[in-house]
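Fold and contact review
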Amino acid sequence: MNHIFHSLGDQVFETIKEMIINNSYRPGEVLQIDKLAGEFGVSTTPVREALLRLEGIGLVDIERNKGAVVTQVSEKRSRYIWEFRRLLESKVSRDAAVGCTDEEIEAVEVKLRKVILHPDDFEAYQESDTALHGLLAGHTENPLILESLANLSVHARRIRYFAENGPFREEVIEQVSKEHSEIIAALRQHDPDKVELAVSRHLVNAEERTKKALLEIAGA
């Protein structure tokens, strides 16, 4: 029975998390427990549990007499997230350069080639992006680094989707795919310095794209 409840709590948590990441629930929006329970057809207990977990990873603030409020997206918060990602991914990229196999690289490259051929396919882009960053993190054993990176990835996706007002435009996907290709090329050489440089360049460019889009929103 507990296992079923735990699974239900996980489902509610993941659903609300993705809706916040995709900006279906907007920054500043109040999430009412009773209303969410009605929408999901569950009791208030798994919803309350999910909101507490979401507060723990910084996606909502639970305010007295108000409920759970979706956290704001800001240029300052974005800067902190990208800075921390660069630090962590510098480490994991070097581990991947040494530890990854040519077969693993080829599997990611197959997904990337599909995106290059079809930059209008956002689902294919997401799959390729997840696969590449999964490969980069897949050869680091430190669980604290991996947990932090997974949490940061959630926030980075949310900020990017907010800044782009939904799925990325084709020109952005084309730019990202070019940067991903450069990372793949460096991985094929198994050179930690080259992989770290390619990943760092990609993250700096991603931050600049996000910053530009956030400034456009602020000026609108």
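Please read all numbers here as calculations on a predicted model, not as lab measurements.

1. As for unusual backbone geometry
A positive phi angle is found at Asn23, which is not glycine, with a value near 65 degrees. Examined against the element boundaries, Asn23 turns out to sit in the loop between helix 1 (2-21) and strand 1 (30-31). Using a relative accessible area of 8% as the deciding quantity, one classes Asn23 as buried. The backbone of His190 shows a phi angle near 50 degrees, a positive value even though the residue is not glycine. Following the sequence through the fold, His190 ends up in the loop between helix 8 (170-188) and helix 9 (192-219). For His190, a relative accessible area of 31% corresponds to the partly exposed category.

2. Digging into the environment of His139
With respect to the element layout, His139 can be found in the loop between helix 6 (122-137) and helix 7 (143-164). A relative accessible area of 26% means that His139 is categorised as partly exposed. Leaving out residues up to four positions away in the same chain, His139 has contacts with Asp95, Ala96, Gly99, Cys100 and Glu104. For His139, the side chain forms a polar contact with the main-chain oxygen of Gly99, separated by 3.4 Å. A distance of 3.0 Å separates a polar atom in the side chain of His139 from a polar atom in the side chain of Glu104.

3. Focus: helix 6
Taking 1.5 Å as the rise per residue, helix 6 with 16 residues should run 22 Å; its terminal C-alpha atoms sit 22 Å apart, in good agreement. Residues of helix 6 that are buried: Phe122, Ala124, Tyr125, Ser128, Asp129, Ala131, Leu132, His133, Leu135, Leu136 and Ala137. Where helix 6 begins, the capping side chain belongs to Asp121, and its oxygen is found 3.3 Å from the backbone nitrogen of Glu123.

Cut-offs and rules
- Residues numbered from 1 in each chain as written.
- Predicted model: local features only at pLDDT ≥ 70, side-chain atom pairs only at ≥ 80, totals over all residues.
- Heavy atoms only, no water.
- Helix = DSSP H or I, 4+ residues; strand = E, 2+ residues; numbered from the N terminus.
- Buried < 20%, exposed > 50% of the residue type's maximum accessible area, 1.4 Å probe, protein only.
- Contact = heavy atoms within 4.5 Å.
- Polar contact = N/O pair within 3.5 Å; in protein donor to acceptor, adjacent residues only side chain to side chain.
- Expected span 1.5 Å × (residues − 1).

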